[in-house]
Amino acid sequence: MSATTTDTSVSTLEPTGRARQLAAIRRLRALRWIGGQFFLWGVILLGLVFMVTPGVWMLLASFKTQAEISAIPLQFWPTQWRVNNYVETIEVMKFWRVFGNSLIITSCVTIANIFTCTWGGYTFGKLRWPGRDIMFMVLLSTMMIPGFLTLIPRYVLVAKLGMLNSYSGMIIPFLTGTFGIFLTKQFMLGIPDELIDAATVDGSSALGVYWRIILPLSKPIMAVLAIFVFDWAWDDLLWGIMILTDRLKWTLPIAIANLRVQESNQYELQMAGSTLAIIPVIILFLALQRHIVRGVALSGLKG
Amino acid sequence: MAVASAAQTHTTPFWRRRSFIQAATGWLFAAPILIYFTIFVFGPILASLAMMFFKWNGFGPLTQAEFVGLGNVTEVAGDEKFLGSFRNTFVYAIVVVGSGVIVGLMLALVLNGVTKFVGFVRSTYYLPVMLPMTAMALLWGLMFQVRYGFLNQILSFVNIPPVRWLINPDIALYSISLMVVWKGLGWYMVIFLAGLKAIPEEYYEAARVDGATGWQRFWKITLPLLKPTLLFVIVVTVIGSLQVFSPIFIMTQGGPANATNVVVYWVYMTAFQFLRFGYATTQAVYLFAVILVITVIQLRLFREGGLTSYY
Amino acid sequence: MNLSRRQLLKTMGAGSLGLALVGCAAPAAPAADGGGAAEPSAAATELTIWFHWGGAAGERAQEMIDSYNADGGAADNINVTIETVPGGEYRQKMTATRMAGTGPDTYHTAIPILELVSNEVALEMPDEDQAYVSDNYIGAAVDRMTFQGKIWAYPTEHQAAALIYRRSVLEEEGISEIPETMEELRDLAKALTREEDGIKFYGYTFNHDGYQPNFHFPGIVWRSGGELYEFEGDIPRTVTVNTPEAAFGLGWWRGMVDDGSTQIGEVTYNEAWQNGLAFMTEIEPWYPLIVLRDGGAEEIFEDLGVTHVRGRSGVDPTIQSGGWEILADRSTEHPEEAFKFIRWMMHGPDMPFSRFIVETIGSLPAPLDYPTPIEGWSDAMSQGYAIETTPITRPHPGLKALGDGELNQAIKETVQAVLLQQKDVEPALADLEPQLQEILDRTEGDREF
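All values reported here derive from a predicted model rather than from experimental measurement. (Residues numbered from 1 in each chain as written. Chains lettered and ligands numbered in written order. Predicted model: local features only at pLDDT ≥ 70, side-chain atom pairs only at ≥ 80, totals over all residues. Heavy atoms only, no water.)

## Points about the overall build of chain A
- When helices and strands are counted, chain A shows 15 helices and 0 strands.
- Classification of the 303 residues of chain A by burial places 59% in the buried group.
- In chain A, once contacts between residues fewer than 6 apart in sequence are set aside, the share between residues at least 24 apart is 73%. (Helix = DSSP H or I, 4+ residues; strand = E, 2+ residues; numbered from the N terminus. Buried < 20%, exposed > 50% of the residue type's maximum accessible area, 1.4 Å probe, protein only. Contact = heavy atoms within 4.5 Å.)

What follows is the structure, given as structure tokens:
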């Protein structure tokens, strides 16, 4: 290919000229590299501004007065940082109470999903059994039906199981999920069969393989599952409204939705509530992000 | 080895045979999941699907439900508003998935080219993914405002007249897409970036030695090796986008003049506003069939591309 | 940070799982009840009621129920608990709870009586209560509670719009009173509309953010001398929107858009009012109370004039009304106690529930003998809403139609298209009429109960 021309042309030069040539090429490369980095960072920074502005706006709005939020023309900074918005929001929402409820429910759901989805991923991705692909397709197809359509039968079921107005009613119906199993199955394809075969030869049962091989190797995908499931469960509104009637058992999204209905004009309280609500998700993401990138890489790449 | 196991099958009882053990193990492992799904997912779905053949207002006692046979099924086929909502849904899905994949991939390529602050940049881009949709819809609603909105104020710096983002029926759907792409971009980027990081550097070295241009490297190495990631992203986001609901529900309620009326929003309206539960279920089943077909086609297309081990 | 599997499992297990187990076990423990609810005696009848308020209004509602439990409830040996249903998920939740047999004894709800009766939710009220409502509530509210000659619930509020305006702005123009007809009102809106330093001030505004555009439609048609439906007894049978009267009404609205004196979504309604960009509007009493007075725009609240909406010249003004009601569920095991509880809340002279709604939430009073001026309201509001608007209200026609949701959607699409200048008034109404008729024929055709 034409690619080798630089090599051949360089090799025909005198030793001293060649060194100079190489230095020039290196300089050129360095310049191009710097130029490239400038371009790349330009794009990245532009994107950063675009991505961050609404979030920053939300944060700033949470410190403003109502009048400042809807001021004309647009007022970006609060004239005075009203920490009191947070104090008021925490009181109006019964924040610590609903925050605790959300934390308990979401943690239960997340931890359960980490185990059930890796279990499912192993079953559908690694074990070989007749009917596997059909059953998997059936599971996958449940992702294609809008959730609210099955709301009433699900409610009746949970009511019959005596789980209304309780944390268990918020947890038991969400112990596993199709998306999580799909994600983990993709990841499992990347775990070499030889490892499993070797363990089997050493006398490990399938359960032993799951516990000793699959779980340790699945840490990255567990992190991905944790963040996806946590984020999703943390945000769920409709089911909570159906199940929880006692205001002391409400979760954060319900309390925020209620703030929206009751304090419909008080954007600043809604923004303060929303800002408080996302903090745990951000902490979780920051703590797990290394694992997440590895997990996604491994689930996406190996076919 | 193969010969040995073949010989074994003639002498050992079936429950000691490897194929039986494998099958039994598989089903045993699958059993808890399948039982759980039967109770909490399939059961409610089937109970809902049965409604397809009834006329029920979603409110009164079930004994009031009237059996209408295939009445709902035939009515859907001639329902122009429902079919119209399909057009909007497809436009939305193509715009959102298309720009999400393209812009997300471009950003991932850019970020793959730098070495500093990658973690910080990645986290920042991921931030909107985690922000609650309701708060973001409220925020973008303000940003989309015609006279004083943030976006139009910026546009006015370059002398572009104010855009009627959510009011003009010709662009409302695209405005919502813009917000959704913004919110999801970090997700696409993180996944693509992870996929890119996992491509061994040696492939690129080899291509560089061969003198391949950046463009060629992208087409010959990056894209083929990214295919599984692409498959995952596209399958998941297409399924999700065809069921778009909350941004529409919060921001435009299908308006103005039906410009953002998407299928799931219309199903919701039919069920909970028009109180036609049976009819809404039938509409949902049509959507389900369409999504299923599209998903199967996607999986086939990628399989023909050379990745056989997916299914 | 590199977690080993053991660490990962340990942290998650010890930390959150412990929390999780506590959480899963918690529902078994009795809920800690807020406030000083009276300790019910051993044999007290337990009743539940659905409210939708949280936040400050929720606290006040809880106080009211607490005082019932301490007062009337203690006397009758009844203890009431609130179940809170936030947002608009009432209907789904009602279906689900009724199927599961977990519904409450009493509801505070906005679902039309027609639906509550036809779906076998509403428990028939004793004659005593029907007579009380009929004798003590304003006509439009009683009408809203009536179906097939019976009264099914107590109206807890009576939401209807009046015309509110900025007195100081009108005075600057040398106008001290709102003119008497819709035609003159449109001219006034146009005269008040202006632009200063690139900021536009609107003569007349509609609440597009809070309501769908179809919401104002029936009132505007009535005020123009038209009707939406012809009724056959209780049942709407014939659609009559393709008429010169309806065209006048919708044309009046569209005309204000063409004049530039009203707007569709360019500024949010709240922003326009809180920043003083809007001079006139038609809105219910909750808006000036909650959004202007309590929302940091006290000067604008103080400056408000309130009067009833105007009709076309030669036509009496009329405004659509709606609201919530209180009723007992047909499957309650304690019907007598349920009505005792409802009477305590609704009957004069104390009528604690009506007072709570009117003063806290902001609603026209539904009881005839509700004392004016109303506590916490401005004099202008007491005059314009309670005295002037109450007699010209008429229940929203959607409350009488089974296919209300679908009818509204069709009207919304049409009104939106007209206001966005995509369709002209007459052809739009000509298209709308057969659509509505089809829905009416389909939904009312087999009405039987």
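## Notes on the interface of chain A and chain B
- Across the boundary between the two partners, chain A contributes 91 residues, which contact 91 residues of chain B.
- Summed over both sides, the interface between chain A and chain B buries roughly 8,200 Å², with carbon and sulfur atoms accounting for 80% of that surface.
- Remark: the boundary between chain A and chain B carries 0 salt bridges.
- Between the two partners, chain A and chain B, sit 11 residue pairs in polar contact (both at pLDDT 80 or more). (Buried area = accessible area lost by both parts, 1.4 Å probe. Salt bridge = Lys/Arg side-chain N within 4 Å of Asp/Glu carboxyl O. Polar contact = N/O pair within 3.5 Å; in protein donor to acceptor, adjacent residues only side chain to side chain.)

## Thoughts on helix α6 (residues 127-136) of chain C
Residues and elements named next belong to chain C.
- Of all the residues in α6, the buried ones are Asp129, Gln130, Tyr132 and Val133. Across the axial projection of α6, the buried residues extend over an arc of 160 degrees, all falling on one side. Summarising the geometry of α6, the exposed residues directed more than 90 degrees from the buried face are Asp127, Glu128 and Asp135.
- Where α6 is buried, its residues touch α7 (139-145), β5 (150-151), β6 (154-155) and α15 (335-346). (Arc of directions from axis to C-beta.)

## A look at the packing of helix α8 (residues 172-197) of chain B against helix α10 (residues 214-241) of chain B
Residues and elements named next belong to chain B.
- At their nearest, the axes of α8 and α10 sit 9 Å apart, and the two run at 150 degrees to each other. Judged by the angle between their axes, α8 and α10 are roughly antiparallel. As for how α8 packs across α10, the hand of that crossing is right-handed. Touching Trp187, Tyr188, Ile191, Phe192, Gly195 and Leu196 of α8 are Thr222, Leu226, Thr229, Leu230, Phe232, Val233, Val236 and Thr237, all from α10.
- Its residues placed into classes, the contact of α8 with α10 shows 10 nonpolar, 4 polar and no charged. (Axes fitted to C-alpha atoms, helices over the stretch in contact; angles between N-to-C directions. Parallel < 35°, antiparallel > 145°, perpendicular 65-115°, else oblique. Left-handed = near helix turned anticlockwise from the far one by under 90°. Nonpolar A, V, L, I, M, F, W, Y, C, P; charged D, E, K, R; others polar.)

## Topic: the interface of chain B and chain C
- Listed as interface residues are 33 residues of chain B and, on the opposing side, 37 residues of chain C.
- Summed over the three residues of chain B that lose the most area to chain C, namely Phe59(B), Arg147(B) and Tyr148(B), the buried surface amounts to 26% of that side.
- The interface formed by chain B and chain C includes 3 salt bridges.
- With a shortest N-O distance of 2.7 Å, Glu266(C) and Arg164(B) are connected by a salt bridge.
- In this assembly, chain B and chain C are joined by 7 residue pairs in polar contact (both at pLDDT 80 or more).
- Counting residues per element, the side of chain B that touches chain C draws most heavily on helix α12 (residues 263-273) of chain B, at 6 residues.
- Of the residues belonging to the side of chain B that touches chain C, the class tally is 18 nonpolar, 9 polar and 6 charged.

## Here we look at the packing of aromatic side chains
- The tally for this structure, following the rule as stated, stands at 62 aromatic pairs over all chains.
- Judged by centre distance (5.7 Å) and plane angle (85 degrees), the rings of Trp187(B) and Tyr188(B) are edge-to-face.
- In textbook terms, an aromatic cluster arises when at least three aromatic residues are bridged by ring pairs, as seen for Phe95(A), Trp96(A), Phe99(A), Phe230(A) and Trp234(A).
- The positively charged end of Lys185(A) is found above the aromatic ring belonging to Phe136(A), 4.9 Å away from the centroid.
- Its end group placed over the ring of Phe201(C), Arg194(C) keeps NZ or CZ at 5.5 Å from the ring centre. (Phe/Tyr/Trp six-rings, centres within 6.5 Å; stacked < 30°, edge-to-face > 60°. Lys NZ or Arg CZ within 6 Å of the ring centre and 35° of its normal.)

## With respect to the sheet that holds strand β13 (residues 280-283) of chain C
Residue and element names in this part refer to chain C.
- One open sheet holds the 3 strands; their spatial order is β13-β8-β14, and the pairing between them is antiparallel. What marks the edges here is a single partner per strand, and that holds for β13 and β14 (304-307). Averaged over all pairs of adjacent strands, the angle between their axes in this sheet comes to 25 degrees, without regard to strand direction.
- Pairing analysis gives 4 bridges linking strand β8 (residues 162-166) to β13, with the strands arranged antiparallel. Looking at β13, one finds that Leu163 is bridged to Glu282. (Pairing = 2+ DSSP bridges.)

## Things to note about the pattern of salt bridges
Residue and element names in this part refer to chain C.
- In total, this model carries 31 salt bridges over all chains according to the counting rule given.
- As a salt-bridge pair, Arg254 and Asp258 come within 3.1 Å of each other at their nearest N and O atoms. In this pair, Arg254 and Asp258 are both assigned in helix α11 (residues 244-259), 4 residues apart and thus about one turn of the helix distant.
- Judged by relative accessible area, which is 11%, Arg254 ranks as buried.
- When its relative accessible area of 44% is taken as the criterion, Asp258 is described as partly exposed.

## Considering the pairing of strand β11 (residues 229-232) of chain C
All names here are of chain C.
- Relative to strand β12 (residues 235-239), β11 runs antiparallel, the two being bridged by 4 bridges. Within β12, the position partnered with Tyr229 by the bridge is Val239.
- Where β11 folds back onto β12 in an antiparallel hairpin, the turn is made up of 2 residues, including Gly233, whose phi is positive at roughly 65 degrees.

## Brief notes about the domain arrangement of chain C
Residue and element names in this part refer to chain C.
- What the domain assignment lists for chain C is domain 1 (45-158 + 323-369) and domain 2 (161-321 + 394-444).
- Taking the mean C-alpha position of each, domain 1 and domain 2 sit 30 Å from one another.
- Listed as interface residues are 17 residues of domain 1 and, on the opposing side, 12 residues of domain 2.
- Between domain 1 and domain 2, roughly 1,100 Å² of surface is buried when both sides are summed, and carbon and sulfur atoms account for 64% of that area.
- On the domain 1 side of the interface with domain 2, the three residues burying the most area are Leu114, Arg144 and Gly362, jointly 34% of the side's total.
- Linking domain 1 with domain 2 are 1 salt bridge.
- Among the ionic pairs, Lys400 bridges to Asp143, the shortest N-O distance being 3.2 Å.
- At the junction of domain 1 with domain 2, the criterion picks out 3 residue pairs in polar contact (both at pLDDT 80 or more).
- Tallying contributions element by element places helix α16 (residues 352-362) first for the side of domain 1 that touches domain 2, with 5 residues.
- The residue inventory of the side of domain 1 that touches domain 2, partitioned by class, reads 7 nonpolar, 7 polar and 3 charged. (Domains from an automatic or database assignment.)

## Looking at a nonpolar patch on the surface
All names here are of chain B.
- Together, Phe14, Trp15, Phe20 and Ile21 make up a nonpolar patch on the protein surface, roughly 420 Å² of accessible area in all.
- For Ile21, the position within the fold is in helix α2 (residues 18-50).
- Overall, the relative accessible area of 42% leaves Ile21 in the partly exposed class. (Patch = residues over 30% accessible without salt bridge, like charges linked within 9 Å, V, L, I, M, F, W, Y side chains within 5 Å. Areas by Shrake-Rupley, 256 points an atom, 1.4 Å probe, with all protein chains shown as cover.)

## Here's the deal with the sheet that holds strand β7 (residues 159-160) of chain C
Residue and element names in this part refer to chain C.
- Reading across from one edge, β7-β15-β17 is the order of the 3 strands in this open sheet, with mixed pairing throughout. Looking at the sheet topology across the chains shown, the edges are occupied by β7 and β17 (393-395).
- By the bridge criterion, 3 bridges tie strand β15 (residues 319-322) to β17 in an arrangement that is parallel. Note on β17: the bridge partner recorded for Ile319 is Thr393.

## As for the nonpolar core
- Core analysis: the largest hydrophobic core is formed by 196 residues, its most contacted members being Ile44(A), Trp187(B) and Phe192(B).
- Among the elements that make up this core, the one with the highest residue count is α8(B) (15 residues).
- Setting aside residues up to four positions removed in sequence, Phe192(B) forms contacts with Val101(B), Gly104(B), Leu105(B), Ala108(B), Leu226(B), Thr229(B), Leu230(B) and Val233(B).
- Among the nonpolar cores identified, the runner-up in size contains 82 residues, and Leu277(C), Ala297(C), Leu364(C) and Val425(C) belong to it. (Core = buried A, V, L, I, M, F, W, Y, C linked by side-chain atoms within 4.5 Å.)

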